[in-house]
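# Structural overview for review
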Amino acid sequence: MTIDFELTELQQTLRDAVIKICARFDDDYWLQRDRDGGFPHDFYRALASDGWLGICIPQAYGGSGLGITDAAIMMEAISASGAGLSGASAVHMNIFGLNPVVVYGSEEQKRRMLPPIVAGAEKACFAVTEPNAGLETGKLQTRAERHGDRYVITGAKIWISTAQVADKMLILVRTTPREAVRKSTDGLSLFYTALDRRFVEVCEIEKMGRKAVDSNQLFIDGLEVPIDDRIGEEGRGFHYILHGMNPERILIAAEAVGLGRAALRRATAYAKERVVFDRPIGQNQAIQHPLAECWMELEAANLMVFKAAQQYDNDVPCGPSANAAKYLAAEAGFKACQTAIMTHGGYGYAKEYHVERYLREIMITRIAPVSPQLILCFIAEKVLGLPKSY
Ligand SMILES: Cc1cc2nc3c(=O)[nH]c(=O)nc-3n(C[C@H](O)[C@H](O)[C@H](O)COP(=O)(O)OP(=O)(O)OC[C@H]3O[C@@H](n4cnc5c(N)ncnc54)[C@H](O)[C@@H]3O)c2cc1C
């Protein structure tokens, strides 16, 4: 097998086109969004109008039908433009979030649900995490009870991003009580349905960074969901979600590499121009070496991102690579953002140099959708064959 490390002509064109759109939204645009909050609608529309939101959605439903490798190139480019997680998270859900509908939805559901997401006419959020479950998805307590041709959902979700602006939500809830199923992850069902604010109270969480893209607590009280909005079979929701977990890790990893590169670019430029003790600070090895390390670690993480993406696109099992990519990219991105601040000295702490925003945003890639500890547990168990520790 030959390994080609270069982008194909199509991928290079794709990357250039995304970079061109992102150039219209510079760091000052994102700084403003970070100060004031509010969803970056104009950025979202710019990507939607050029058809980028459907990059992974099959052509039959209005998308481009490309793979995760192409989507990773796109998300890296968005993040690396300086848009960081503010930009990437604004469109992240459109890119791959509806994959369970693509894979497990009926033909009627695909025709109804996918085109509005591709066109940017509808926004969706992804509601899994719950206050009392955390990373232990089998402990989800939000319930959907069947009443004839409808379900009624009651419960609470937390951290749900873009719920302030979303029209729809992809939600995982319990349809069979925990006591009545063998495995805790059985008895969960997946719905893609309207976020009807008469029955869902959406409370924004004040958070450390990425103010442009909200994250929320949802209090759901008697939300009626037609049976037609259930994706796949009742009770199999967790298995459907699992299918999309690896691509999601790959995309988050690509976003982390992108933001790390943005930080490195700013730090390097500053190191060349800032003169102290009559020499550019970048002439000192103590400044150069950490930057060189960041470059190497970002490159290595990026290789793992593309290994995982290629495996996924070629139907090769990619769990270890996808998890490793997400871990390595988040850590490399974090180190690059932190190093960028230190390279800037005091100015790194000032908002107008942007790198402090990068540091606050890169933290998300470390925490979500799965923590570094849980990735290490996964590698220890599934790759090294050590006993399950949790
Ligand atoms: C900005 C942001 C946006 C998000 N957006 C969404 C969203 O759109 N939709 C959604 O559903 N969720 C979202 N999340 C939630 C995110 O996926 C969770 O925060 C993440 O999965 C971790 O869950 P938790 O916060 O409940 O941590 P917990 O499960 O409470 O874990 C806390 C800590 O304990 C560690 N830990 C727990 N068990 C073990 C163990 N056995 N061994 C070692 N360490 C352990 C964890 O690694 C972690 O460090 C978002 C989170 C953030 C911060």
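Check the entry above for the structure.
Reference entry: report on the structure contained in this document. (Residues numbered from 1 in each chain as written. Predicted model: local features only at pLDDT ≥ 70, side-chain atom pairs only at ≥ 80, totals over all residues. Heavy atoms only, no water.)

### Some words on empty space enclosed by the protein
Defined as follows: A cavity, in this analysis, means grid points on a 1 Å lattice covering only the protein atoms where a 1.4 Å probe fits yet has no way out; a pocket is instead an open set bounded by protein on both sides within 12 Å along at least five of seven lines, and a residue lines either one if it has an atom within 4 Å of a point. Grid points are joined across faces, edges and corners, and a volume is the space filled by probe spheres set on the points. Strands are runs of DSSP state E lasting at least two residues, helices are runs of H or I lasting at least four, and both sets are numbered from the N terminus onward. Only Asp, Glu, Lys and Arg are considered charged, only Ala, Val, Leu, Ile, Met, Phe, Trp, Tyr, Cys and Pro nonpolar, and every remaining residue, Gly among them, polar.
Taken as a whole and judged by the stated rule, the model has two cavities of 30 Å³ or more. Considering only enclosed or pocket space, the largest cavity measures out at about 50 Å³ in volume. In terms of lining residues, the largest cavity is bounded by Phe 39, Tyr 44, Ser 89, Ala 90, Met 93, Asn 94, Lys 123, Ala 124, Thr 162 and Val 165. The element best represented in the lining of the largest cavity is helix H4 (residues 68-97), accounting for four residues. Looking at the lining of the largest cavity residue by residue, the class counts come to six nonpolar, three polar and one charged. Of the voids in this model, the second largest cavity is the one considered here, and its volume is about 40 Å³. Around the second largest cavity, the lining residues are Cys 56, Ile 57, Asn 94, Ile 95, Phe 96, Leu 98, Asn 99 and Val 102. Secondary structure elements with two or more residues in the lining of the second largest cavity: H4 and helix H5 (99-104). Element by element, the count of residues in the lining of the second largest cavity is highest for H4, at three residues. By residue class, the composition of the lining of the second largest cavity is six nonpolar, two polar and no charged.

### Re the layout of surface pockets
Size it by volume and the second largest pocket reaches roughly 790 Å³. Lining the second largest pocket are 23 residues, with Asp 4, Phe 5, Phe 306, Lys 307 and Gln 310 positioned closest to its centre. Top element by residues in the lining of the second largest pocket is helix H8 (residues 285-313). It accounts for seven residues.

### A look at the side chain of Asp 70
Keep this limit in mind: Three labels apply to residues, based on accessible area from a 1.4 Å probe with only protein chains included: buried if under 20% of the type maximum, exposed if over 50%, partly exposed otherwise in between. Two residue types count as positive, namely Lys and Arg, and two as negative, namely Asp and Glu; His and chain ends fall outside the count. The working definition used for a salt bridge is a side-chain nitrogen of Lys or Arg within 4 Å of a carboxyl oxygen of Asp or Glu. Residues adjacent in sequence count toward polar contacts only when both atoms are side-chain atoms; beyond that, a polar contact is any pair of N or O atoms within 3.5 Å, and within protein one must be able to donate a hydrogen and the other to accept it. Between two residues, a contact is recorded if the distance between any of their heavy atoms is within 4.5 Å.
The residue Asp 70 is located in helix H4 in this model. Here Asp 70 sits buried without a salt bridge, and the closest side chain of opposite charge, Arg 15, lies 11 Å off (N-O distance). A polar contact of 3.0 Å, which involves the side chain of Asp 70, links it to the backbone nitrogen of Gly 67. Here Asp 70 is in contact with Gln 11, Leu 14 and Ile 55, once residues within four sequence places are set aside.

### Observations concerning the packing of H8 against helix H9 (residues 319-344)
So the rule is basically this: Convention adopted: a line fitted to C-alpha atoms gives each axis, helices being fitted over their contacting stretch, and angles between N-to-C directions are expressed from 0 to 180 degrees. Here roughly perpendicular refers to angles of 65 to 115 degrees, roughly parallel to angles under 35, roughly antiparallel to angles over 145, and oblique to all remaining angles. Crossing handedness is defined as follows: a turn of the near helix away from the far one that is anticlockwise and smaller than a right angle gives a left-handed crossing, while the clockwise case is right-handed.
Two elements in contact, H8 and H9, have axes separated by 8 Å at closest approach and are oriented at 155°. As the angle between them shows, H8 and H9 are arranged roughly antiparallel. Where H8 crosses over H9, the handedness of that crossing is left-handed. Of the residues that constitute the contact of H8 with H9, the class distribution is 16 nonpolar, five polar and four charged.

### Side note on the site of the ligand
For clarity, the cut-off: By convention in this text, a residue qualifies as near a molecule or strand provided that one of its non-hydrogen atoms is within 4 Å of it.
In the region of the ligand, 17 residues are neighbours, and Phe 126, Thr 129, Leu 135, Trp 159 and Ser 371 sit closest. Leu 135 is positioned with one of its backbone polar atoms (N or O) 2.8 Å from an oxygen atom of the ligand. Contacts to the ligand include Gln 373, whose side-chain N or O atom sits 3.0 Å from an oxygen atom. Elements supplying a minimum of two residues to the shell around the ligand: strand S3 (150-161), helix H10 (355-367) and helix H11 (372-383). Considering each element in turn, the shell around the ligand owes the most residues, three residues, to S3. For the shell around the ligand, the per-class residue count stands at 11 nonpolar, six polar and no charged.

### Some thoughts on a nonpolar patch on the surface
Which entries qualify depends on this criterion: Every patch collects residues that have over 30% relative accessible area and no salt bridge, joining them within 9 Å if they carry like charges and within 5 Å if they are nonpolar side chains (Val, Leu, Ile, Met, Phe, Trp, Tyr). Methods summary: accessible areas were calculated by the Shrake-Rupley approach with a probe of 1.4 Å, and residue burial reflects only the protein chains presented.
On the surface, Ile 3, Phe 5 and Leu 303 cluster together into a nonpolar patch covering about 360 Å² of accessible area. Take Phe 5: it is sitting in the segment before helix H1 (9-22).

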